[in-house]
Amino acid sequence: MSVDIRSVITGSGSALPKQCVTNAELAQRVDTSDEWIIERTGIRQRYLASDDETTSTLAIDAARAAIEDAGIEAASIDLIVLATATPDNTFPATATKVQHALGCNGGVAFDVAAVCSGFLYALTTADAMLRTGMAKRALVIGAETFSRILDWEDRTTCVLFGDGAGAVVLEARNASESEAGILASRLHADGAQHDLLYVDGGPSTTKTVGHLRMKGREVFRHAVVNLADVLGEVIAEAGVSVAEIDWVVPHQANKRILDATAKKLGISDSKVVITVDQHANTSAASVPLAFDAARRDGRIKPGQLVMFEAMGGGFTWGASLVRL
Ligand code: UT7
């Protein structure tokens, strides 16, 4: 592996479905309340895909915005890695639909499945491929339509999730040219925790798509411990101090998890980007959606040190430290 190549984020974009649903509107469909949802999760609203919106249409819109932001030609992209647990079809990969829609007729396109950690898995995979010279310019996308796999009769899960997509353009650059790039990443998986968060269907088992099932309190407990551990690993590997980190862009599952993780890490709440109130939990889309929101409103600036982190079904979890 060449030590001279670093993967640099040169653009970002995001997309949300047209329809926004507030907690009060949800409370008309299921036995819940605005107060309960805000107090337990911090969520105020979520965007839900209509019939004409799918994981690929959201991914394509987010990708187009990222390409425009990076100021590049779509045809110059030679790698698309799309993280999703809700693909348009069982196969082919949703990434290939995005490739065709964008007119990138060449290179490599595939999906990764790591649920809420999907963007971290996709980013780390693309980074490894760029640094080994397998590609030069990548599009890394997190896109989901979790509304399609929710059990709308189950108030313990259906109020927590939303749909959306986020994308970044990642380019191979000579490390001697600038400080920017992915500095360190760590991924983990623990299949022993399967039953705490899974979908009870699939083509090889029930032959149906199935619904999301979660033991929320157990997931919460593991999330705080695992995220604090992996953040510590990445900080140590990069050789930076917590005080040097400008922003944490976490997976947006629950405001209480974000607060507890920030506290454990010893990082100020004011450095944590929070969009869970607006988007709810959008699984693989949540980190790039939050990142794009904070870049576009001017909070995250060039040169800053940004930590991405996520934890999800599997369990899977990971973190990545990036200099913009
Ligand atoms: O993205 C992947 C990672 N996922 C996560 O990180 C999710 C992690 N877990 C969580 O965010 C939280 O555990 C939840 C938000 C899912 C639940 O919060 P909690 O404080 O752990 O509540 P709980 O599950 O212990 O439920 C407390 C009570 C129960 O009633 P009883 O048994 O105390 O009478 C539930 O039946 O709240 C009730 N409840 C609700 N009430 C109103 C559960 N869901 C609802 C609801 N509306 N939607």
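Quick notes on the rules
- Residues numbered from 1 in each chain as written.
- Predicted model: local features only at pLDDT ≥ 70, side-chain atom pairs only at ≥ 80, totals over all residues.
- Heavy atoms only, no water.
- Near = heavy atom within 4 Å.
- Polar contact = N/O pair within 3.5 Å; in protein donor to acceptor, adjacent residues only side chain to side chain.
- Areas by Shrake-Rupley, 256 points an atom, 1.4 Å probe, with all protein chains shown as cover.
- 1 Å grid on protein atoms, 1.4 Å probe; cavity = no way out; pocket = protein on both sides within 12 Å on 5 of 7 lines; lining within 4 Å.
- Sits in = over half its atoms within 2 Å of the grid points.
- Helix = DSSP H or I, 4+ residues; strand = E, 2+ residues; numbered from the N terminus.
- Nonpolar A, V, L, I, M, F, W, Y, C, P; charged D, E, K, R; others polar.
- Axes fitted to C-alpha atoms, helices over the stretch in contact; angles between N-to-C directions.
- Parallel < 35°, antiparallel > 145°, perpendicular 65-115°, else oblique.
- Left-handed = near helix turned anticlockwise from the far one by under 90°.
- Contact = heavy atoms within 4.5 Å.

Engineer: Outline the site of the ligand, listing residues and values.
Structural biologist: Thr32, Arg40, Arg217, Asn254 and Asn281 are the nearest of the 23 residues found near the ligand. One nitrogen or oxygen atom from the side chain of Thr32 is found 2.7 Å from a nitrogen atom belonging to the ligand. Here Asn254 contributes a side-chain N or O atom positioned 2.6 Å from an oxygen atom of the ligand. Starting from 960 Å² of accessible surface for the ligand in isolation, the protein chains cover 75%. In a pocket analysis with a 2 Å cut-off to the grid points, the ligand is assigned to the second largest pocket. Those elements that provide at least two residues to the shell around the ligand are helix H2 (34-41), helix H6 (155-158), helix H7 (216-238) and helix H8 (255-265). Residues that form the shell around the ligand fall into these classes: 11 nonpolar, seven polar and five charged.

Engineer: Can you lay out the packing of helix H3 (residues 55-70) against helix H4 (residues 94-102) for me, pointing to particular residues and giving the numbers?
Structural biologist: The contact between H3 and H4 brings their axes to 9 Å, and the two run at 50°. Viewed along their axes, H3 and H4 adopt a mutual orientation that is oblique. Note that H3 runs across H4; the crossing there is right-handed. Within the contact between the two elements, H3 uses Thr55, Ser56, Ala59, Ile60, Ala63, Arg64 and Ile67 and H4 uses Thr94, Lys97, Val98, Ala101 and Leu102. Of the residues contributing to the contact of H3 with H4, the split by class is seven nonpolar, three polar and two charged.

Note that every value here comes from positions in space, so none of it alone points to a role or purpose.
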